[in-house]
Each structure stands twice: as C-alpha cells, then as structure tokens.
Amino acid sequence: MENLVLQALSGLASASSLFLVASGLTVIFGVSRIVNFAHGSFYMLGAYLAWTFVTTLPRGHLGFWGGVLAAALLVGLIGVVVEVLLLRRIYRAPELFQLLATFGVVLIVQDLALLTWGAQDLLGPRAPGLRGGTEIFGMRFPDYELFLIGVGPVVLGLLVLLFRYTRWGTLVRAATQDREMVGALGVNQRMLFTSVFFLGAFLAGLGGALQLPRESVNLHMDLAIIAEAFVVVVVGGLGSLTGAALAALLIGELHAFGILVLPKITLVLVFLVMAVVLVVRPHGLMGKATGPAHGGAGGAEPVIGPAPRPLVHLGIAALVAALVLPPFAGDYALSVLTEIAIFILFAASLHLIMGPGGMASFGHAAYFGLGAYGAALAAKWLAAPMELGLAIAPFAAGLFGLIFGWFCVRLSGVYSAMLTLAFAQIAWSVTFQWVEVTGGDNGILGVWPEPWAAPKLVYYYLTLALCLGATLLLRRIIHAPFGYALRAQRDSALRAEAIGIDAFRIRWLAFALAAVMAGIAGGLFAYAKGSVFPTFLGIPRSVDALLMVLLGGVQTLSGPIIGALAFTGLQEQLVRITDLWRLILGLVIVALVLFFPQGLAGAARARWEARRGDA
Amino acid sequence: MATLEVDKLRKSFGGVQAVRDVSFAVAPGEMLALIGPNGAGKSTCFNMLNGQLRPDAGWVRLNGQDITGLAPRKVWRMGVGRTFQITATFGSMTVLENVQMALLSHRRRLGQLWTPVARADRAPAEALLARLDMADQAARPCGILAYGDLKRVELAIALANDPKLLLMDEPTAGMAPQERVGLMALTASIARERGIAVLFTEHDMDVVFGHADRILVLDRGALIAEGPPAEVRADPRVREVYLGAGFSGGHPGSRDPVRGSVARPKSVQGGH
Ligand SMILES: Nc1ncnc2c1ncn2[C@@H]1O[C@H](COP(=O)(O)OP(=O)(O)OP(=O)(O)O)[C@@H](O)[C@H]1O
Ligand SMILES: [Mg+2]
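Residues numbered from 1 in each chain as written. Chains lettered and ligands numbered in written order. Predicted model: local features only at pLDDT ≥ 70, side-chain atom pairs only at ≥ 80, totals over all residues. Heavy atoms only, no water.

1. Describing the packing of helix α23 (residues 558–577) of chain A against helix α24 (residues 581–595) of chain A
To characterise two packed helices, one gives the angle between the axes of the helices and the distance between these axes. All names here are of chain A. Basically, it comes down to this: In this analysis an axis means a line fitted to C-alpha atoms, helices contributing only their contacting stretch, and an angle means the value between N-to-C directions, from 0 to 180 degrees. Numbered from the N terminus, helices here are DSSP runs of H or I no shorter than four residues, and strands are runs of E no shorter than two. Two helices crossing with the near one rotated counterclockwise from the far one by less than a right angle form a left-handed crossing, whereas a clockwise rotation gives a right-handed crossing. For this analysis, residues touch if any pair of their heavy atoms sits within 4.5 Å. Gly falls in the polar group here, along with every residue not listed as nonpolar (Ala, Val, Leu, Ile, Met, Phe, Trp, Tyr, Cys, Pro) or charged (Asp, Glu, Lys, Arg).
It is the contact of α23 with α24, at a shortest axis distance of 9 Å, that shows an interaxial angle of 145°. α23 and α24 meet at a crossing whose hand is right-handed. Residues Phe567, Leu570, Gln571, Leu574 and Val575 of α23 lie in contact with α24, whose contacting residues are Trp581, Ile584, Leu585 and Val588. Of the residues assigned to the contact of α23 with α24, the class counts are eight nonpolar, one polar and no charged.

Structure follows, in structure tokens:
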C-alpha cells in the first residue's frame, strides 16, 4: 500500500516534467500547425545549458535557480531564432516538409551539443534546499520530486491565466481555433508566432533544466523525450493544454505503475494506451479535428502515365551500370551499392503509403527493423540459414504491419502519423529493453550470409535482384487496380465509398504490403551488416525514409528511388569525410526544405514542364 | 413494384429539422424530380437514401429490401448509382480511368495486383463514355475538366454498376442551357431503355418540367406537393414557396412554376 502511494507520487513527478515539455509542444502546434521535432532538442539544450550555468555560477540558491531560469530563457531565445530563421519561411510548405526541417534542426543541435559538451554524460548538482527527503508512510521520498509535483500544476495554472486573461492569450486561443480569422483581424501574426515559439521553447528548456538534479544530461535526451511528448500531446488532443495535462498525468502514472507490472517494457504500455485512446477518441482526449496531413506535396496529384523518355533512358543506364560495373568495384563500394539497393526498396515501400495511399508514416523504420530482427532472431535462436531468415523477414514485418496498421490507417492526418511513430517506438523499446532475447543495445551479432552468398559481389547481386524485383512489383501494383483503388480513396474518399471501395481495407492492406517490402529490405540489411541493432528501428531511420521519399518527390515511384540514391550516397560520403555529418546533413535538409519545398523531383519536374511549355 | 420506397424519413441537425417525415416511391424507368428552394433538404434526403447519413427515423427500401442505414458502399453494391451536387471524382485519374474504377469495383476486381488498369475493362468504359458523348474527353485528367464535363463523368460512374436506381443531385449545374436539356434527355432515354428508376434534384425548371414524369416539392424539409408536372405547376402552395406569400393566380407558362429557367444563382455549399 505505502509502496503504491510512493509510486503514485513519483508518477506525479514525471507527469509534471512531461507536462512542461508537452505543453510547449501543443501550444506551438495549436498556433503554427507545425509538428516540432526540435522540441526535444530544446529540452536537451535546457538541460545542458542549465548544467553549464549551475556549475559555473557560485553555489547556492541564486546560482542554481538562477541558472535554471537563465537556461530556460536562453532556450526560449534559441526557439525564437529557429522560428525567425527557418520556420517562418516555411509555414506554407506541406506539413511533412516542415517536419523534415525541424528534424534538420534536431541533427544540427545534436552535433553542436556534442561539440560543446562532449559525448560523456554530465551529472549536475542537487538542488539547494531540496537535497533531503520527506518521510511518507515510513519511507523517504525525495524533496526535489515533491517540488516537481508542485511545478506542473503551477505552470498549468499560470498558462491558463495567461491564455484566459491577457490579450495575447486570447489571440493565441483564437489562432489555435482559426488561423485565417486572426489573419483577417489584422493581428500581427509574425509577432504572435514568434512569441508562441518563445513560450514553447522556454517551457521545454525549463523542463530540461529541471531534470538536472534528477538524471544525467546526455545526447539521447532529445529523441527520448520527443517521442513521449508526442504521445502526451496526441493523447491529450493536439493544441489542447488541459488535454496535455490530463495525458501527462495518465502517462506519468502509467510509467510509475507500469514498472510494477511490466518492469521491462513500460514504454510498450505507454504506447499501447495511446493506441487505445486514439481508437476510441480519434482526436485525443480533448482535441478537435484538424485538416488531413497529405502524404503528397499538397494540391491535385498528377495523373500517372508512362515515365518521360529521358527518365526511362536514365533508368536503363543506371540499371546497366548497376549490373555491369560492380565486378570492378572494391569491397567498400560494393557494400555502399548494396546499401543503396536496400534503401531504394525501403523508400519505395514508404512511397506506397505516402504517395498513392496519401497517408503519412513517421515510423516506417519499424518494419525495416522488424524484418532485420526477424531474420536475426531466427539466425540466433533457431540457427536458421540465410534463405529462411530472408523469408521470415517480410513475414515478421508484414504481421506487425497488419497489427499496427489496423490502428494507424483508421485515423487521419497528424494523428495517424503520430500513431505510426508510437508503434515504431514500441517496437524499438522492445528491441532495446528485452535484453535477454534481443541483446538490447548490443544488438545481435553474427548474422552472416551462407557461404555461397558471403562474397560481397554475390551478396550485392542477390540484394539487387531481390530489391529490384520487389520495387518493380510495387510499381506493377501501383499501376494495377489495387494501386488505383488506393489512389481513389486518397483523391476522393466520398466517391471511393460511393463506388463500393472499402477505403479502410485498401489502406490497411497497403500499409501491410509496405511493411512486407520494408521487411525484405530490413532482412537484406541484417545479413549485409552481419548484425542488427535497435537503431534499425529508431526515429532517425524513419526520418531517413521520409527524407528519401520527400526530397525525391512523392508523386511517382522515381522520386523515392532518386531520393534513396542521393541520400544514401550523401550520407555515406559525409560519414566518411567528417565526424560532424549530422550537422552537415541537418544543414542540407534545412537548405533543401527552404529552397526546394516541393522536393527535388518536384522542382525538376516543374522546370522540365516549364521548359516544355516554352517550346 | 416500386424500385425505391421511402417511408417517413426524418433527419435533424442540431435544432434544424432538415427532413421531416418524407415518403415517396419511384417506379422502374420513372424520372422523379425532387425540387425545392435552397436548404429545403434535398441533398439531405439523397444522403439518407444512399447511406451517407443515417436517418433519425423512417425506412428506405430498394426493391422491397430494407437498406436503411447501410453503408454507402453496400448500397452501391445493391444497385444504386449516385452523382453529387459538388462533383466528386478522382482528380489524379483520367476520365476513362474514373469510369474503369467503377466498373472494376462493380466486378469486384479492385484487389488485383498484377494486370494494369490500362488493360482492364477498357472497352465497356469507352462504350459508356461514348454513350454520354464523352469519348473525346476519355484521356483527359479529371483534375482539369470543366464543371459540366465533370457532371457527365459522374453520370458515367453512376451508370457503371448497372444501377436499378440512379440518384442525381443537381446533375446539370454548371452546364449551358442547351447542354442541360441534352443531358437530361439522354438520361431519360437510358433510364427508360434499362428500366432505371431516376430520382433527381434540379433548380432549372426547364429541365424539371421538360423531363420529369413526376415532381415532388420539398419545403423546409417537408413534402408539400407531389404529382405530374402540370398538376404541380398549378399548385398554389408550390407557387407560394417559389414566389413567397401573396402570389396567386397568373398564367402558368412553359417556363414556370415561377419566372424562368433557374430559380436563383447556385451557391456551392450545403450537403453533397
Ligand atoms: N451536415 C450538416 N450539418 C448541419 N446542418 C446541415 C448539414 N447538412 C445540411 N444541413 C442543413 O440542413 C438543411 C437542408 O440542407 P440540404 O443540403 O439538404 O438542402 P438542399 O435542399 O440540398 O439545398 P441546395 O439547393 O442548396 O442544395 C439546411 O438548413 C442545411 O443548412
Ligand atoms: Mg443540395
């Protein structure tokens, strides 16, 4: 009994911290409609900056609390910089491009933090005056946790007052409900957006800074918190402050008590609750419907026809090169080529969901990773030969695609995309936390191809054959009635239903099919690397896939293929020449989004069509 | 037996009673017009007939079978084709492909993964388009079509499942007067030839009085008149609805019940 009370209290403390971050995220989303991946980076920066301030300022109350506050304020200013330099310019870009841009910021911040603070975990001092504990039911409960429990409601109260009783707050609420109206009223939207970003970033920074006495500061804080903050915001309802508070409470307690029930996999529990909430209430506990998130670049999608001549020639040339040149390539080049083939299939599989399907997935790496783990687990525990492993990979991925997809495709827009992210995190946390089976962070080693396929050249040709075959199959399917039905429900759900198309079933099957294809790619990747790791399923890998599809262009299958080629090539080179590849990649992403908001293929197509128009 | 029987259909949105106890029937091959001012509840009626809206009360029967509250796609499978007031077509497909989709779905072949659409059900789709004078538009993307042409595509799609009942919500809106009459004459001849029961709404009185076998008049959700064109035209209540209280007598000319062709400029909103 006493134990339960203490668990509940520690749940409240986590809920408070979670609420700080989530409230900022939800306010920013409410006003700008931007799904801000960089919010986790704000949180991490808050923690790092607080560490710097607190450890350099003189000890004592002023040094600590002043340091925490200064860190939060500085993060708020960093938020302003990000808004003014980047986001302000892309408010009209398609949602997913905005998301990519904020992910670019995540990458940039990661490397800058690494440069500034180094790779090792940093430990902060305890909070002055709150070092001790208080007896509760005969057990000691840390004072600092009690303090945190108080912070959440106080911040919530202040925010409610701010939004209720100030003119600025009224404007923010109005903008959350109806952006056009605020524009029409002649409100200075720029100032409004910038100030909202300041507030949101400040709250995230404060949340991070307040973690200093609780846990070590490290470079993984950003993505760890962002996944949970997304869950809170989505469960609460995008844009709803009270919803975020409620959801933070729910998730915080779930963590606390989940440890008692399923100590290893509390994360799974959290994401499952999210899935259930969203199925029962598709817009979260307190949310309202938002517009759909288009997988595409927005606007009317073009008719798909035969590929333009130059593209066909280019494709044939590339294929010939891919077939003929490798025997002259070295081992390194061969493994790069193998990877490129794999990522082309991976990107093409995501394209099926995003292009013809019109859905967005933030968690496609789950199926890539599940394929890889399916093969690796079969190799480790069943001593399965490579052939069997490669057959199990798509099966495992497809099975989970069916299960997860059943939830994801019944929602729409950002909610659906967030749910894909949530399921990917579930899969990730299982591989990460279920150490006995998956090896946890150390992964599974020794997943090698059979002797006949062991030479790099042979494995390359095997990969090429499978990936090319699967990609061509996808193309065939897109041109077949099934692919058309998928596009039909994207173009007009109303008309599709009116001619007997079961949109849910079509989307569901497409989702599972994409998972199967990603699974093939994942299985091949496992044997190419000889090992699998939780990072195969991580958020960064999901974003990689999004990048390939979006930068290449979502309209036709050639987009993701070009995107995968460009991205894999670029990343491979960056990793080779510099340690700061994240920084450079982040800058490249940001630049691409700023200058080519329609994607590279979109820009090329526009230019090509303009040229034809002149002729 | 009537193809469609509607019994005491009722629907409210919040406080608004959009449709109140509407009952009627349509016979095979019959052209039945449902007219009424803006917001009378015509589209809401249609939406309840094809399952898009669940009625608060009442029944819908198709060939004697209860279809009340079935999902639109199930209603479609039972042989009901529909066009929308605001056209809904697949913008990323050509006219021909739009019709092919309906045909493929009708034959339950949308699950196919291998045969390209380009080679599936092409001939019947082309024949259908030719019948609607759309053969020359077949290869154009729906996304760039003129509104009048989109209405024709809708009709072609609606006819693709060999319907027993055709629901057409303002089928000629956005067309030139000549075109309207032509399309409705075509629709009437197809309906007679195939024994399709047609229920349509229309604001163009030339179209209504020229092509309807029978007319229903809806006002603020309730049926206020029903009968052959001549009878409805002479009905004082109908004249009142269209002209406002105070009007009586006058000579019901050919372009009536009131003054002329189109009752008023069409606003593009309300239910589909
Ligand atoms: N989804 C809805 N929610 C709330 N009210 C609705 C809805 N659909 C229709 N209404 C209301 O129901 C009434 C009937 O609308 P309906 O669209 O059926 O009229 P209509 O006869 O088709 O008009 P029009 O000639 O303009 O197409 C109107 O008052 C309309 O505002
Ligand atoms: Mg209407």
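On we go.
2. Considering the confidence of the model for chain B
All names here are of chain B. Operational definition: One confidence number per residue, pLDDT, is output by the predictor and ranges from 0 to 100.
Across chain B, the average pLDDT comes to 88, with 89% of residues at or above 70. Considering only residues more than four positions removed or in separate chains, one finds that residues 245–272, a stretch of pLDDT under 50, has 55 contacts. Reported for the predicted complex are a pTM of 0.89 and an ipTM of 0.89.

3. Remarks on the coordination of the magnesium ion (ligand 2)
Residues and elements named next belong to chain B. The cut-off we apply is this: Only nitrogen, oxygen and sulfur atoms qualify as donors, and only when within 2.8 Å of the metal (3.2 Å in the case of Na, K and Ca); with water excluded, sites may look incomplete. Here the term buried applies to any residue with accessible area under 20% of the maximum for its type, exposed to any over 50%, and partly exposed to those in between, with areas from a 1.4 Å probe on protein chains only.
With distances of 1.9 to 2.1 Å, the protein atoms coordinating the magnesium ion (ligand 2) are Ser43 (OG) and Gln85 (OE1). Here the residue Ser43 occupies a position in helix α1 (residues 42–49), and Gln85 occupies one in the loop between β6 (80–83) and α3 (95–106), the gap between them amounting to 42 residues. The exposure class of Ser43 is buried, given its relative accessible area of 10%. Assessed through its relative accessible area of 9%, Gln85 is described here as buried.

4. Things to note about the packing of aromatic side chains
All names here are of chain A. Applied cut-off: Centres within 6.5 Å are what make two rings of Phe, Tyr or Trp a pair, Trp counting through its six-membered ring; a difference in plane orientation under 30 degrees is then read as stacked, over 60 as edge-to-face, and the rest as tilted. Here, over-ring charges are defined by two tests on the NZ atom of lysine or the CZ atom of arginine: distance to the ring centre within 6 Å, and angle to the ring normal within 35 degrees.
One pass over the structure, following the stated rule, counts 26 aromatic pairs over all chains. Ring centres 4.6 Å apart and planes at 20° place the aromatic pair Tyr48 and Trp117 in the stacked group. Of the two residues, Tyr48 is situated in helix α2 (residues 39–56) and Trp117 in helix α4 (residues 95–117); the sequence distance between them amounts to 69 residues. Neither residue differs from the other here; Tyr48 and Trp117 are each classed as buried. Ring centres of Tyr91 and Phe193 lie 4.8 Å apart, and the angle between their planes is 85°; on these two criteria the pair is classed as edge-to-face. In this pair, Tyr91 is assigned in the loop between α3 (61–85) and α4 and Phe193 in helix α8 (residues 189–209), connecting sequence segments 102 residues apart. Pair check on accessibility: Tyr91 and Phe193 agree, each one buried. Among the aromatic side chains, those forming a connected cluster through ring pairs are Tyr367, Phe400, Phe404, Trp406, Phe407, Phe423 and Phe511. In this structure, Arg410 packs its charged tip against the face of Trp406, placed 3.9 Å from the ring centre.

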